[in-house]
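# Observations on the model geometry
Listed here are the chains, written in short residue letters.
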Amino acid sequence: MNYDTYKREWVEAFTPWKREPKEYPDNSPGFSSDYESFNPKRQRFYLHAQNKHLDVYTKMAALKTSTSVVSLESYSGKEEIFQCSGTIIESVDTSSIILTAASLLRCSKARNSIAGDIKVIVHLFDGRAFDGHIEAYDFHYNVAAIRIQSDTPLPIASLAHLNDSIMIRPSQLRVTEEKPFQLRPHSNSFHLIPGDSVIALGRFNKKPYDIMAAPGEFRQPRRPRLGMEVTNLYAVDLEILERIISKFPEVMEGIIVEEVIPGGSAEFAGLKHNDVIIQFGGRKVRSFLELFHDMWKHVGESVELVVIRASADVPLHLTMVVEEATSDKLYSWPFWEV
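Residues numbered from 1 in each chain as written. Predicted model: local features only at pLDDT ≥ 70, side-chain atom pairs only at ≥ 80, totals over all residues. Heavy atoms only, no water.

When helices and strands are counted, the protein shows eight helices and 16 strands. By the burial criterion, 36% of the 338 residues in the protein qualify as buried. Looking at the protein alone, contacts between residues at least 24 apart form 63% of all its contacts between residues at least 6 apart. Total accessible area on the protein is roughly 21,100 Å²; 54% of this is exposed by carbon and sulfur atoms. (Helix = DSSP H or I, 4+ residues; strand = E, 2+ residues; numbered from the N terminus. Buried < 20%, exposed > 50% of the residue type's maximum accessible area, 1.4 Å probe, protein only. Contact = heavy atoms within 4.5 Å. Areas by Shrake-Rupley, 256 points an atom, 1.4 Å probe, with all protein chains shown as cover.)

Next up, the structure:
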């Protein structure tokens, strides 16, 4: 064991922010067995140790937006449909809009329609409950907007566009001169790259409606909706990147095809392994998130791609059809299983 490893383990072992879980005897004032059995989702959520014992930095980040996280439950008549969390994204005077999952509204028999005689209840962080009114929904994206009326404006979450692109230009890695500190305007986008720490927030649907925080790590999403698996250009192996950049040195961003699914639209379009998509539907593609955002605008349509291939001397122009997601591939996020 080298010195750096020993020092890191020593610091982690004696950090003041780490606390061991307490063991409560039966009938103690701690978490009672009745309370835990009454909250099976709490038990499943706490199966993951990282969700139960949080460091102070994770707690601080979660608390900054916890008041805008709400709990929702829906009923069709007296039958419960779904439970989930939501985020207050807008609050004007006494009217607030909550962004949540469309699964809250979905009929169990007709998956692409709203359940009959539906009622939505929203619980705030302070325990107050409000009737929710359906403002908008989309089962394809699994998103819904629920409106509530309160006595006063409610705290809202600060939202920003996500950008997971990274330049791979070597010159950017060299700092030629030390630049003085400068004040710059806040960006309207948040750069997110694989390996960044993220926190998923939710709220239990039973009293006292506790906040949940599940620490995690951003991973490159891979959903073969286009009949292929792709990732950002900067994420590929160095030897593959060298073959591409040596032939097309001006290409520093794009999406590389890691696998073409047999029988899919990507195969019919002529895409091949290690092709790099630099344009999609006339727009420059710099990251997977941009591709993921643009592809849903063209579901069921033919889209032109501009592709570079190590074996070709010029960029290729291909046409492919964006496959439509079927009902069995619609998204839903049971937050307590994070």
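Turning to the pairing of strand β5 (residues 129-138), a few remarks are in order. The pairing of strand β4 (residues 118-123) with β5 spans four bridges and is antiparallel. Bridge pairing in β5 links His 123 to Ala 129. Following β4, the chain reverses through five residues before pairing antiparallel with β5; Gly 127 in that reversal takes a positive phi of roughly 90°. Pairing of β5 with strand β6 (residues 143-149) involves five bridges; the strand directions are antiparallel. Following the sheet pairing, His 133 is matched in β6 by Arg 147. Connecting β5 to the antiparallel partner β6 that follows it, the hairpin turn spans four residues, and Asn 142 within it adopts a positive phi of roughly 60°. (Pairing = 2+ DSSP bridges.)

Okay, the side chain of Asp 275 next. Mapped onto the fold, Asp 275 is located in the loop between α7 (265-269) and β13 (276-280). Those residues in contact with Asp 275 that sit more than four places away from it in its chain are Ile 255, Ile 256, Val 257, Gly 270, Val 307, Ile 308 and Arg 309.

The subject of this paragraph is the sheet that holds strand β2 (residues 79-92). Ordered in space as β1-β2-β3-β6-β5-β4, the six strands form a closed barrel in which the pairing is antiparallel. Here the strands of the sheet are splayed against their neighbours by 40° on average, with no regard to which way each runs. (Axes fitted to C-alpha atoms, helices over the stretch in contact; angles between N-to-C directions.)

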